[in-house]
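# Architecture at a glance
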Amino acid sequence: MPLLMAVSVVLGMIIGSFYANHFSGNRLSIINSSSNKLNNLLRIVDDQYVDTVNVNGLVEKAMPQILGELDPHSVYIAAKDVQLANDDLSSSFSGVGIEFVIRDDTLRVQQVISNGPSERAGVLAGDKIVSVDGEPFVGKTLTNEEAMQRLKGPKDTKVTLGIMRRGDKKIYDIVVTRGDIPTKTVTATYMLNDNTGYLRIKKFGENTYPEVLIALAKLSQQGFDNLTIDLRGNTGGFMQSAIQIANEFLPRNNLIVYTQGRKSPRQEYRSDGRGSYQQIPIVVLIDEGSASASEILAGAIQDNDRGTIIGRRSFGKGLVQQPIAFNDGSMIRLTIARYYSPSGRCIQKPYTSGDNKDYEDDLLSRYEHGEFFSQDSIHHTGPEYHTRLGRTVYGGGGITPDIFVAEDTTDVTSYYKQALLSGLVMQFAFEYTDENRQTLSEIKDVKELEKYLVRRNIVERFAQYAEKNGLKRRNLLIQRSHKLLERLLNSRIIYNMMSEEAWLTYLNSDDPAIRETQRVFSAGEAFPKAPETVASAEKSSKPRGK
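Quick summary incoming for the structure in this document. This one's a predicted model, so the numbers in the text were calculated from it and none came from an experiment.

### Topic: the overall build of the protein chain
When helices and strands are tallied, the protein chain shows 21 helices and 21 strands. For the protein chain, the spread of C-alpha atoms along the principal axes amounts to about 115 × 80 × 45 Å. Here the protein chain, with 546 residues, has 46% of them falling under the buried criterion. Taking the intrachain contacts of the protein chain between residues at least 6 apart in sequence as the baseline, contacts between residues at least 24 apart amount to 69%.

Structure below.
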């Protein structure tokens, strides 16, 4: 007994000393480790704070803040948002199979995916979805995120959609069995002319490479001799997809890209020489919206002098993220390395850790400084590098194109800007489509639909609609911007009635970058020349004196 009592006293003293040292005001004795410090802080708050605290909520709020102190692309994704984030780059997701817009606090079906669950159940383009599983699905709180969460779900599960149709006040309950909906990342494949193929890559998902192979096979059947790859607005995705696509066009052992970080040793990715299109002339289109994997592909083509890059300077994202999952279903995408193009340049534009404002405002800053309108306004902050042939390229901020194509603002007026920013263009296009859906659905060809819309004087109809909805009519400005307004309105109606490929076909028919692409192919200039070759060619073209 005396021994047991002595042991108890000693243990009591040790435990008392522990709590006294750890929870006595300024005498907190925390191990000198940041991770332990954070853990102890949360434990102390949970144990001693004056009010009840949701510690899990604190952690959820703190995680984005901590990662935000690192770089602009390390992010935290809450468990409820992980599936949505992953679906964006997966080859398919499970849902009802519709494209929708939210107009007047109501979800409206813009397109029904062919042979998808909704089409099989009888949902039609133009339908309004006013309830889901018996619960109201309208109101000012309705968002795209909420709509996607309610309409998506596990395969073979059922969802009841309350549908209203134009001219009918009755609500129809339609039961839709969710199914796999393929996610297409190659959204257009067609011939620009008799010998030039065109393919548009919207993003780089897990299935993009096989989609590109299918697109190239389709173009081969149509006899293409030149290839245009459109990466404008492509914000990136899986690096591996970009590497696989670059491999199709490069000779054996050409460096495509390499990555390197503090804990990530240099890893090179080279072409294996098995590509089926190593000799075809290529043009790659980029703009300020082309980022990440888009810049890997464009950089590989440019640095290896394999093709010509046309457009405007790309975004400048050269950081590699690795997804890391937590037990609660949440995840982070942590930057672990930078990627470098074959010439050795890092495409990442400058940023200040913990201060993302300038980074987020970069494109606006470029616009204000005139970079979208003049090649001379591009400011290169990084060092010079050289391609295989010795051409100069720059690091430190995106891919600078070989041929610059300015954004055309010749006929942009204040009326045009207001119409665009107000959302009235999209609203009018949807309502016009909805009101004339039966007539428009009988026209199957893009050019025929364009001719039909031109005869309907769409711009005048829009001006009347916009005036009724608060946009003052300005006849002189409307006249000046008539071509731009007509092109914009027609393109949205074509998109609503047909497909993204039809929409791009229409827009590309009068696109300056496409015109420049066709000129390059016609002149045989798709393959870059060494600077010495260009200089000697210019010299030989000058008259020689006797």
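### Observations concerning the side chain of Arg178
The topology assignment puts Arg178 in the loop between β8 (168-177) and β9 (179-182). Salt bridges are absent for the buried Arg178, whose nearest opposite-charge side chain, Asp133, sits at 5.1 Å. Here Arg150 takes part through its backbone oxygen, which lies 3.1 Å from a polar atom of the side chain of Arg178.

### Digging into a nonpolar patch on the surface
A surface patch of nonpolar side chains, amounting to about 280 Å² of accessible area, comprises Leu38, Leu41 and Ile66. Using a relative accessible area of 48% as the deciding quantity, one classes Leu41 as partly exposed.

### Concerning the pattern of salt bridges
For the coordinates displayed, the defined rule picks out 31 salt bridges. With its nearest N and O atoms 2.8 Å apart, the salt bridge here joins Asp127 to Arg165. Here the residue Asp127 occupies a position in the loop between α5 (117-121) and β5 (128-132), and Arg165 occupies one in strand β7 (residues 158-165), the gap between them amounting to 38 residues. Each member of the salt-bridge network shares a partner with another, and the members are Arg313, Lys349, Asp362, Arg366 and Glu371.

Reading guide: rules and limits
Residues numbered from 1 in each chain as written. Predicted model: local features only at pLDDT ≥ 70, side-chain atom pairs only at ≥ 80, totals over all residues. Heavy atoms only, no water. Helix = DSSP H or I, 4+ residues; strand = E, 2+ residues; numbered from the N terminus. Buried < 20%, exposed > 50% of the residue type's maximum accessible area, 1.4 Å probe, protein only. Contact = heavy atoms within 4.5 Å. Lys, Arg positive; Asp, Glu negative; His and termini not counted. Salt bridge = Lys/Arg side-chain N within 4 Å of Asp/Glu carboxyl O. Polar contact = N/O pair within 3.5 Å; in protein donor to acceptor, adjacent residues only side chain to side chain. Patch = residues over 30% accessible without salt bridge, like charges linked within 9 Å, V, L, I, M, F, W, Y side chains within 5 Å. Areas by Shrake-Rupley, 256 points an atom, 1.4 Å probe, with all protein chains shown as cover.

Geometric descriptors of this kind do not, in isolation, establish any biological role.
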